Structures are given as structure tokens and as C-alpha cells.
Amino acid sequence: AQTVTQSQPEMSVQEAETVTLSCTYDTSESNYYLFWYKQPPSRQMILVIRQEAYKQQNATENRFSVNFQKAAKSFSLKISDSQLGDTAMYFCASQNSNSGYALNFGKGTSLLVTP
Amino acid sequence: ETGVTQSPTHLIKTRGQQVTLRCSSQSGHNTVSWYQQALGQGPQFIFQYYREEENGRGNFPPRFSGLQFPNYSSELNVNALELDDSALYLCASSKGTGPSYEQYFGPGTRLTVT
């Protein structure tokens, strides 16, 4: 079974600072994508960033970047210059090709950005 | 472009009843996936529909069933509701079912079973 583990239930960061959210995964897929999703208090899940496993270069999207360590099966999210609007639940997810590439989510990390 | 919509927003049902949740996919999307998100947990995959056919199923009992219509909107039906079915139900649509297709989520339906 594929598993995604987020070991930090809650984190806090001050505005303008940098924070890193951790994620480890286990998969038997040969090619796969990994994702970070954001779920603000209003509930709608939004894709933050994704990484294709065979690409060695770490993905970046503006203030969001990942540190993808394939051998260690680690996929952390770094948020630079944190903003109040970054306050949300963050979910790490992998895909399962046996289920139409449905998403396997971790339990999430609640991030609070303080002034 | 209209995003993914879900109805109703909230509903309350009694144990043993049946419920139908609805999802309208984003324009141009032919795949809908349903997820159950219990309080404080990550979403769990229920099943996926691709071009009106079930294309994958998670570890949920048969009383969870679904349907996809020719316009690619979808329904999730749950029979014989149990207290543990109380959760946020999310649907997500995508342009296809391969690994590169991004899933776009709706706002969810909050189901409370009493």
C-alpha cells in the first residue's frame, strides 16, 4: 500500500519568515508525481506545487519550492516570505496508478502565519 | 470558466438513511474523483469515474456508489448511513486520468449523520 506521512501536525511561522513542511512517502510506482495541496479555512483544496519523480530539478512556484530526495523518499515544501494568507492546512500527496491515479494524502500540517 | 461545484453545501441525515451528493465538473473535464475527509484527517479516495465508467475504487464498502452522467457531472450515493460517515465529501475533476492531469477540487459537502 502506498503511504504518505506528514510528521508535523502543526507549525507556526512569523510573517516574512521561511518555513519547511516535511513529507515522506512510500510507493511502488516507477514514474509518479508528488503534490502539495493547500486547504484554507474556507475548505477549497488548491494545488500549490507538484513534482514529477523522474525530474531531478526541484519544482518551484514563486515563493513555494520543494526539496525532493528520491532515494530517501522525502518531499518537503519550503515557503519563503510567509504571508498571512498562507495560513491553511497543507497536504502532501502521491498518486496511485491502480486507482486511476487518484491521490493518496497525508494527514496534513496545519500552518499558522502570525503577524 | 466555471470551476468545480458541489451541492448541497451542508446536510444533516439520520443513521440508516440514504443520501445523494452532487458534483459538476469543470468545463472540458471528463474525470471525477470523490474523496471523504473526516475531521482532522487527509482526504481518502472513494472512487473515480472516467467517461461514465468507474475507473478505480478505494477501500470503501459497496453502500458507497456513484454515477457519472454524459455531461460528466457526477453523484455520490451513500446507503444505510452510519455515524462514521460524517465527513466533508470532496469531488475533484480533471481533463483525464493519467498521472499528469491536475485535479481541481470543489468546495465540498459537509455531511453530518446523527
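Look up a bit, the structure's there.
Residues numbered from 1 in each chain as written. Chains lettered and ligands numbered in written order. Predicted model: local features only at pLDDT ≥ 70, side-chain atom pairs only at ≥ 80, totals over all residues. Heavy atoms only, no water.

**Things to note about the sheet that holds strand β7 (residues 64-68) of chain B**
All names here are of chain B. Threshold: Two strands make a pair as long as DSSP finds a minimum of two bridges between them. Strands here mean DSSP runs of E at least two residues long; helices mean DSSP runs of H or I at least four residues long; both are numbered from the N terminus. Think of each axis as a best-fit line through the C-alpha atoms, taken over the contacting stretch in the case of a helix, with angles from 0 to 180 degrees between the N-to-C directions.
The sheet built from 4 strands is open, its strands ordered β1-β3-β8-β7 with antiparallel pairing. Edge positions in the sheet fall to β1 (5-7) and β7, since each has one partner strand and no second. Strand-to-strand twist of the sheet, defined as the mean angle between neighbouring strand axes without regard to direction, takes the value 20°. Summarising the sheet, β7 and strand β8 (residues 74-78) pair through 5 bridges and their orientation is antiparallel. Bridge pairing in β8 links Gly66 to Leu76.

**Considering the interface of chain B and chain A**
Worth spelling out the cut-off: In what follows, residue pairs with any heavy atoms lying within 4.5 Å of each other are defined as contacts. Summed over both partners, the accessible area lost on bringing two parts together, with a 1.4 Å probe, is the buried area. A pair is scored as a salt bridge if a Lys or Arg side-chain nitrogen falls within 4 Å of a carboxyl oxygen belonging to Asp or Glu. Under this definition, polar contacts are N or O atom pairs within 3.5 Å; protein pairs additionally need one hydrogen-donor-capable and one acceptor-capable atom, and for neighbouring residues in sequence, both atoms have to be side-chain atoms. When residues are grouped by polarity, Ala, Val, Leu, Ile, Met, Phe, Trp, Tyr, Cys and Pro land in nonpolar, Asp, Glu, Lys and Arg in charged, and all others, Gly among them, in polar.
Tallying the contact residues gives 28 residues for chain B and 18 residues for chain A. Summing both partners gives a buried area of about 1900 Å² for chain B against chain A, and 50% of it is carried by carbon and sulfur. When the buried area of chain B at its contact with chain A is split by residue, Pro43, Pro99 and Phe105 of chain B rank highest and sum to 29% of it. Along the contact surface separating chain B from chain A lie 0 salt bridges. Applying the counting criterion to the chain B and chain A interface returns 5 residue pairs in polar contact (both at pLDDT 80 or more). Sorting elements by how many residues they give to the side of chain B that touches chain A places strand β6 (residues 53-57) of chain B first, with 3 residues. Residues belonging to the side of chain B that touches chain A are distributed by class as follows: 10 nonpolar, 15 polar and 3 charged.

**Points about unusual backbone geometry**
Residues and elements named next belong to chain B. For the bond running from Ser7 to Pro8, omega is -10°, close enough to zero to count as cis. Mapped onto the fold, Pro8 is located in the loop between β1 and β2 (10-13). Positive phi values are uncommon outside glycine, yet Tyr72 reaches one of about 75°. Note that Tyr72 resides in the loop between β7 and β8.

**As for the environment of Gln48 of chain B**
Along the chain, the position of Gln48 of chain B falls in strand β5 (residues 44-50). Setting aside its immediate chain neighbours within four residues, Gln48 of chain B contacts Ser99, Gly100 and Ala102 of chain A together with Thr31, Val32, Ser33, Glu53, Glu54, Asn55, Gly56 and Thr97 of chain B. At 3.1 Å, the side chain of Gln48 of chain B forms a polar contact with the side chain of Ser33 of chain B. A polar contact is formed between the side chain of Gln48 of chain B and the side chain of Asn55 of chain B, at a distance of 2.7 Å.

**Looking at empty space enclosed by the protein**
Note the threshold: Buriedness of a pocket was judged along seven lines, with at least five required to meet protein on both sides within 12 Å; pockets are open sets of points on a 1 Å grid over the protein atoms alone, cavities are sets where a 1.4 Å probe fits but cannot get out, and lining residues have an atom within 4 Å of a point. Grid points are joined across faces, edges and corners, and a volume is the space filled by probe spheres set on the points.
Summed over the entire model, instances satisfying the criterion amount to 1 cavity of 30 Å³ or more. Of the volumes computed, that of the largest cavity is approximately 40 Å³. If you go around the largest cavity, the residues you meet are Gln95, Gly100 and Tyr101 of chain A together with Thr31, Ser33, Gln48, Ser94, Gly96, Thr97, Gly98, Tyr101 and Gln103 of chain B. A per-class count over the lining of the largest cavity returns 2 nonpolar, 10 polar and no charged.

**Points about the state of the cysteines**
Keep this limit in mind: When two cysteine sulfur atoms are found within 2.5 Å, that pair is recorded as a disulfide. Type-normalised accessible area, obtained with a 1.4 Å probe on protein chains alone, sets the label of each residue: buried when under 20%, exposed when over 50%, and partly exposed for intermediate values.
For the structure on display, the rule yields 2 disulfides over all chains. Shown here is the disulfide that connects Cys23 of chain A with Cys92 of chain A, its sulfur atoms set 2.0 Å apart. One disulfide, between Cys23 of chain A and Cys92 of chain A, carries an S-S torsion of -70° and so falls in the left-handed class. Pair noted here: Cys23 of chain A is in the loop between β3 (19-21) and β4 (24-26) and Cys92 of chain A is in strand β10 (residues 88-96), with a separation of 69 residues, a long-range link. Here Cys23 of chain A matches Cys92 of chain A in class, with each residue buried. In this model, Cys23 of chain B is linked to Cys91 of chain B through a disulfide, with the two sulfur atoms separated by 1.9 Å. Residues Cys23 of chain B and Cys91 of chain B are joined through a disulfide that is right-handed, its torsion about the S-S bond being 70°. Placement of the pair is Cys23 of chain B in strand β3 (residues 19-24) and Cys91 of chain B in strand β9 (residues 87-94), with a sequence separation of 68 residues.

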